[in-house]
Amino acid sequence: MRRLNKSQSQIKDNVTHPQSSLQLPWHAMPIDECFKYLNLSHDIIKSGLSNEEADSRLKTYGPNKLTETRKKTIWERIWHQINNVLVYVLITVAIVSLVQAVSPHFNTRGNTKFTAWFQVALIIGVISLNTWIGIYQEGNAEKAAEALKNMLSTNARVLRDGKEVMIPAEDIVIGDVCLLGLGDKVSNLATAEACLTGESVPIDKIVDAIHLSNGMIAEEVPLGDRKNMGYCATLVSQGTGIGLVIGTGDFTQIGTINRLVNNTASTKTDVLRQIAKISKYLFVCICTACFATFSVAFFYSYNYYYDALASVNIALTCAVAMVPEGLEAIVTLVYSWAVKVMASHNAIVRALPAVETLGSVTVICSDKTGTLTQNVMSLTAIVTSNAHYKNDVDATKREPTNIKRQDCFLSERAPQAMKKTGSQILLTGQSAEKRGMESSFKYRITSLHVPSQPAAIQSNLKEEDDFVIKNGESPSPDWIQSVLACGVLCSKCVLGENGGRSGEIGNPTELSILRAAYFAGCEIDELKSESRMIAEVPFSSEYKFMATVHEPSAIDKAPEGKLIVLVKGAPDKLLKMCKNQAIGGLAGEENLEDINIDYWTEKIAILSSHGLRVLGLCRSFVDKDTVGDELGQEFVNGRDEGKWLTMVALCAIMDPPRPECVQAIKEAHTAGVRVAMITGDHKDTATAIGRMLGIVDSEYSEAVTGPELDAVTDDDLRVCVMNHNVFARASPQNKIRIVKALQAEGQVASMTGDGVNDAPALKAANMGVAMGKEGTDVAREASNMILADDNFATIVYAVKQGRVVWDNLRKVLLVNTPINNSQGLSVLVGLLARLPNTPITTIQILYSNFICAVTLGFVCAIEPAESGIMNMPPRRVGKRLIGRYLLLRIVMATIMLTGCVVASALIVDHAKHYDYLNICAEGYESNGKFCYDDTGKRFYSDDRLKMMRSVAFNTLDFGAMSVMMSARFTYLSSIHPRVFKSNQAAVASCAIVTVLQLLLTYTPGLNSFVFSMKGMDGFAWIIVIGFMLVVFLFMETEKAVRRRLKAKGVDTDDRIESFLDELQDTEDEEFNMSLPKGASRLNLQELRR
């Protein structure tokens, strides 16, 4: 046990762990060499490890489990929430209030003791509520590692001492022989690795070492192309197999990802950083205001002259006034409302502050498959000997018009392939077999020579007056059935319900032909029953075709006594066996002509240049007596007559773009947001899709591949990511580098991902976006946002809402900050104006801060988007939440609101209308305005003081309503009916505040005992309403001036850098381009400094 504990601790240091010596290129090593390095005998496959040897290896290498990170305790979480200078101010005020509540010195008059206790309770309640909200939103970062652990199998089948046993997954050791499979009916092993590699189709497994060519080193082979390796957390999709364990725990691929997730720091949002700084600035302002208030109270005021304790108390009242207790709650409300709105549009935000980041995104890095595309392989085009046909991949109705002849469709090579030879296109296209990176398309081209003069071999494509199908017309159902019969009948696939994906079985490429035939009106089941299959040559990757023999139907026009043979496969293989071509795809011997190899080869090159998968369809006829029960490949490629097939058509297949994404990308470009596509697909395919989507244009005309990114330096990569929008054959490792390079260039990057190994990049991005339908739990837990519909258009909508959040946060600050500032400054200015006491009390201040400010602030929090919000560029990096003009507006609103509050108090203090309130309590003498006790200490009449505070308090809150109604629109006038229409919460909020103000003002006991107020008369309401209108008209006048300045070209939106802005330092450690420790285990290249 001592040795076991030691090995567990050593997992934290991968250099000294025993498994570090076994980090070898296993995929490039022969099986015998693997046995040698693992100290295993050659009969290990038959007997497995002995129990003794397994126990020994378990002690040496440690259990097969992932290292867990330390979790925060509840006390650490609480400390994280209250460790804020503004909270310290509130705590200080609460302590002083508590002293006031228990000290006899402060309990000599009226309800001071009750007020002090009530104040303590309010402050504690505010701090507790804000702390609970913060803790509730915290903790998502730890869930990614938990999701990784949940993906591990709980048990495993292994061979031990020659017997098949089931053991806990933790007990698997290096050298164990694992039994993999679904059953014994199929011998070919294939695993679904989409969650780890991003490959959407199962990968057929092999035993031989991966061949390295052209100087490639073993580490450069992507995970998805290491076809002799099986990975933890992937699933067996077919067949059975025996695997040899070469790594466990943290030294598996998923273990490496676990370390990357734990080591990759989440970025802190701009608003959180700015609010933290604003808090520090506010602390300085509060301290300054407190000192000034104390000095004025102690040296200048009537009631507190040289009374140190009372002056401290009044200074702390100013502090309470200026602390924005409700700000954190209202910011949370802004985020929460945005989250609710986005969730209704399939964008699920996991961390509330991440909403704001969306509005500042400058680059959206999106996956291709399923996000920008439909994730459904679709038949895009059919090419016959004399025509091109376009298939409507978005069709929902079953009718032959879904297919139309369009000879201009895909008739020329893609722009990026114009300078390439045909052979070069075929070596790089979707249908080609790649150097070190095999395509998942099993009918890929391996060798085909293309003539060097493609223009000279286009003679077949011309308008023929006597051909039955004219350009622009749709073919007949019989023509569609005849041409596509090969793809429909020469297949074991089962089409999904109503032509959809639900319930479909088979290869996605082959299913695309069935789907096209189905939506073109073909009855698949009737066709199969009418042309019953007699025999077949099953597909093999060795010869890359499949053939079936059928009884002919009437439309096949078969010769008497003949059976029809349908062959589907790699076009280069089929062309070598073709003698004839069907004119226009028509059936019948009268429609045959000699094969034009150059024509078909160039067509294959053209389609491949557009990134399409190309499948050849052929047919021929044989005598019935030549067909046996079992057929081998020689039935097709070993016939005595040599060339015997008829080329019918080429099928061009792709995963088409989502129609809504084209418009969404246009909207993103209008908003100044770049869209980059990162895919594991091939370069030509990615470029073609990018061109269809509008991502590839004259400015960003080329794609770059993952291996090319691996070869460049950090500085070159930073240039590369700013000049390319398409990244093909990219690994999740490339994603991390792309994110870091973009951030180093001052970009705010959003990154999408769905696989397990996308998690580190999602966490490193400013905005990680995971897929909800096709994604893994690990990716979702590492992300900031989840797309419930896996649709790129949803990201663009979320970006819009993120901009709305930023605008609304600024509006909230414009409402709440003047309210807080004017409360504190009213105390200070009131003392300077020689008011007999503070115009508002501490309890009134706390009420306005947390109830009134939140209620009015909520209106701005849910304000809908203003027109033109997506016509503006993204928010500049480093832009302050409070810029020059917003600061000016806040200062002006503060001055106006403070002036109105103090002025209202002065009117009550000096108006003869209220002289009737100068009544002193029993035991006090009066001089007409002030009351004196027997020591000569001067007091203000309680009734007049309460009236003064009633008027000042209502002036403050009704004036705040005016600020809110004006702040709802950045430039548009609020003197307009829109103020009552666009946001119904505005009217409701004003109504609620009005009702609450009336209750506090007129409810007996509550007004006098708790809030130190008195019921107001008509003259008092004239004062309040008058100042309310003054504030509103002043704010609208300022807005009108700003509109005029903007029309003259003045930067009233704070888009130009100013002294208030925080410039981004691209050389900062935050943008360290090196990858997290352990990234090299994910097939990452060491980056050069």
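Rules used in this analysis
- Residues numbered from 1 in each chain as written.
- Predicted model: local features only at pLDDT ≥ 70, side-chain atom pairs only at ≥ 80, totals over all residues.
- Heavy atoms only, no water.
- UniProt positions renumbered as here; feature names shortened; annotations may be inferred.
- Phe/Tyr/Trp six-rings, centres within 6.5 Å; stacked < 30°, edge-to-face > 60°.
- Helix = DSSP H or I, 4+ residues; strand = E, 2+ residues; numbered from the N terminus.
- Buried < 20%, exposed > 50% of the residue type's maximum accessible area, 1.4 Å probe, protein only.
- Lys NZ or Arg CZ within 6 Å of the ring centre and 35° of its normal.
- Pairing = 2+ DSSP bridges.
- Axes fitted to C-alpha atoms, helices over the stretch in contact; angles between N-to-C directions.
- Parallel < 35°, antiparallel > 145°, perpendicular 65-115°, else oblique.
- Left-handed = near helix turned anticlockwise from the far one by under 90°.
- Contact = heavy atoms within 4.5 Å.
- Nonpolar A, V, L, I, M, F, W, Y, C, P; charged D, E, K, R; others polar.
- Salt bridge = Lys/Arg side-chain N within 4 Å of Asp/Glu carboxyl O.
- Core = buried A, V, L, I, M, F, W, Y, C linked by side-chain atoms within 4.5 Å.
- Polar contact = N/O pair within 3.5 Å; in protein donor to acceptor, adjacent residues only side chain to side chain.
- Patch = residues over 30% accessible without salt bridge, like charges linked within 9 Å, V, L, I, M, F, W, Y side chains within 5 Å.
- Areas by Shrake-Rupley, 256 points an atom, 1.4 Å probe, with all protein chains shown as cover.

Per an unreviewed UniProt entry, the protein goes by the name P-type sodium-transporting ATPase4 and belongs to Cyclotella atomus. Recorded in UniProt under Catalytic activity (unreviewed entry), the annotation for the protein is "Na(+)(in) + ATP + H2O = Na(+)(out) + ADP + phosphate + H(+)". As stated in UniProt under Subcellular location (unreviewed entry), the record for the protein gives "Cell membrane".

Trainee: Looking at this model, I keep getting lost on the packing of aromatic side chains. Mind explaining?
Mentor: Any aromatic ring pair is given by two values, namely how distant the centres are and how the planes are angled relative to each other. In total, this model carries 13 aromatic pairs according to the counting rule given. Taking the centre distance of 5.6 Å and the plane angle of 10° together, the rings of F294 and F298 count as stacked. In this pair, F294 and F298 both sit in helix α11 (residues 270-299), 4 residues apart, roughly one turn of the helix. F294 sits in the partly exposed class, given a relative accessible area of 24%. Taken together, the ring pairs in this structure connect F294, F298 and F299 into an aromatic cluster. Over the aromatic face of F635 sits the side chain of R639, whose NZ or CZ is 5.1 Å from the ring centroid. In this structure, R639 packs its charged tip against the face of W644, placed 4.4 Å from the ring centre.

Trainee: For this particular structure, what's the right way to read the sheet that holds strand β20 (residues 674-678)?
Mentor: Strand pairing in a sheet is mediated by backbone hydrogen bonds. Such pairs are either parallel or antiparallel. Spatially, the 8 strands line up as an open sheet ordered β8-β25-β24-β23-β9-β20-β22-β21, and their pairing is mixed. With one partner strand each, in any of the chains shown, β8 (347-349) and β21 (703-705) form the two edges of the open sheet. When the angles between neighbouring strand axes are averaged without regard to direction, this sheet yields 20°. As paired elements, β20 and strand β22 (residues 726-728) share 2 bridges and run parallel to each other. Paired with I678 across the bridge in β22 is F727.

Trainee: Where do I start with the sheet that holds strand β1 (residues 155-160) in this structure?
Mentor: Spatially, β2-β1-β3-β7 is the arrangement adopted by the 4 strands of the open sheet, whose pairing is antiparallel. Each of the sheet's edge strands pairs with one partner strand only, and the pair in question is β2 (163-168) and β7 (240-244). For this sheet, the mean inter-axis angle between neighbouring strands, taken without regard to orientation, is 40°. Bridge count between β1 and strand β3 (residues 177-181): 2 bridges; the pairing is antiparallel. Residue V158 lies in a different strand from β3, and its bridge partner there is C178.

Trainee: It is not clear to me how the packing of helix α16 (residues 477-489) against helix α17 (residues 508-519) should be interpreted in this structure. Could you clarify?
Mentor: For any two helices packed against each other, the geometry is given by the interaxial angle and the distance between the axes. At a minimum axis distance of 8 Å, the contact between α16 and α17 shows a crossing angle of 135°. By the criterion of interaxial angle, the relationship of α16 to α17 is oblique. Our pair here, α16 against α17, has a crossing hand that is left-handed. Taking contact as the criterion, the partners of L484, G487 and V488 in α16 are, on α17, I513, L514 and A517. The residue inventory of the contact of α16 with α17, partitioned by class, reads 5 nonpolar, 1 polar and no charged.

Trainee: Could you clarify how one ought to interpret the pairing of β3 in this entry?
Mentor: Two faces make up the sheet, and in a regular strand the side chains alternate between them. Looking at chain direction, β3 and β7 are connected through 5 bridges and run antiparallel. Along β7, the bridge assignment pairs L179 with I242.

Trainee: Explanation requested: the pattern of salt bridges in the structure shown.
Mentor: As a working rule, side chains carrying opposite charge can pair if their charged atoms are close by. With the rule as written, the count across this model stands at 24 salt bridges. The residue E590 makes a salt bridge to K557 at a minimum N-O spacing of 3.7 Å. Here the residue E590 occupies a position in the loop between β16 (578-582) and β17 (592-594), and K557 occupies one in the loop between β14 (545-550) and β15 (562-569), the gap between them amounting to 33 residues. Among the charged side chains, a network of salt bridges with common partners joins R889, E1038 and R1042.

Trainee: Honestly, the nonpolar core in this entry has me stumped. Any pointers?
Mentor: Across soluble globular proteins, nonpolar side chains show a tendency to be buried alongside one another. Residues V567, F635, V636, M647, M785 and F792 are the most contacted members of the largest nonpolar core, which totals 173 residues. Those residues in contact with M647 that sit more than four places away from it in its chain are L574, L575, C578, N580, Q581, A582, I595, W600, L617 and C618. I403, V488, A516 and L566 belong to the second-largest nonpolar core, a separate cluster that totals 39 residues.

Trainee: Help me understand the packing of helix α29 (residues 792-832) against helix α32 (residues 942-967), please; the structure alone is not making it clear to me.
Mentor: One way to put it is that α29 packs onto α32 with a least axis distance of 9 Å and a crossing angle of 160°. If you check the angle between α29 and α32, you find them roughly antiparallel. Like other packed secondary-structure pairs, α29 and α32 cross with a definite hand, here right-handed. For the pair formed by α29 and α32, the contact residues are K811, L814, V815, I819, S822 and Q823 on the first element and L956, A960, V963, M964 and A967 on the second.

Trainee: Can you walk me through the side chain of S750 in this structure?
Mentor: Within the secondary structure, S750 sits in strand β23 (residues 749-753). Polar contacts involving the side chain of S750 include one to the main-chain carbonyl oxygen of M767, which spans 3.4 Å.

Trainee: What should I look at first to understand the UniProt feature "transmembrane region" (unreviewed entry) in the protein in this one?
Mentor: The feature "transmembrane region" (unreviewed entry), as annotated in UniProt, sits at residues 85-102, 114-133, 281-302, 845-865, 886-908, 951-973, 985-1006 and 1018-1035 in this numbering. Measuring from the first to the last C-alpha atom of residues 985-1006 gives 27 Å, for a span that is 86% helix and 0% strand. From the first C-alpha to the last, residues 1018-1035 spans 26 Å; its make-up is 100% helix and 0% strand.

Trainee: Where do I start with the environment of F621 in this structure?
Mentor: Along the chain, the position of F621 falls in strand β18 (residues 613-623). Among the residues examined, F621 registers a relative accessible area of 23% and is labelled partly exposed. Through-space distance from the C-alpha of F621 to that of L566 is 8.7 Å; in sequence the pair is 55 residues apart.

Trainee: Explanation requested: the side chain of T794 in the structure shown.
Mentor: Within the secondary structure, T794 is located in helix α29. By relative accessible area, which is 5% here, T794 ends up buried. Contacts of T794, omitting those with residues within four sequence positions, involve H345, N346, A347, L787 and D789.

Trainee: What is the right way to read a nonpolar patch on the surface from this model?
Mentor: There is a patch of nonpolar side chains on the surface, built from W79, Y88, I91, I95 and V99 and spanning about 470 Å² of accessible area. Here the nonpolar patch takes 4 residues from helix α6 (residues 85-102), the largest share from any one element. Locating I95 in the fold gives a position in helix α6. Accessibility expressed as a relative area gives 51% for I95, which makes it exposed.

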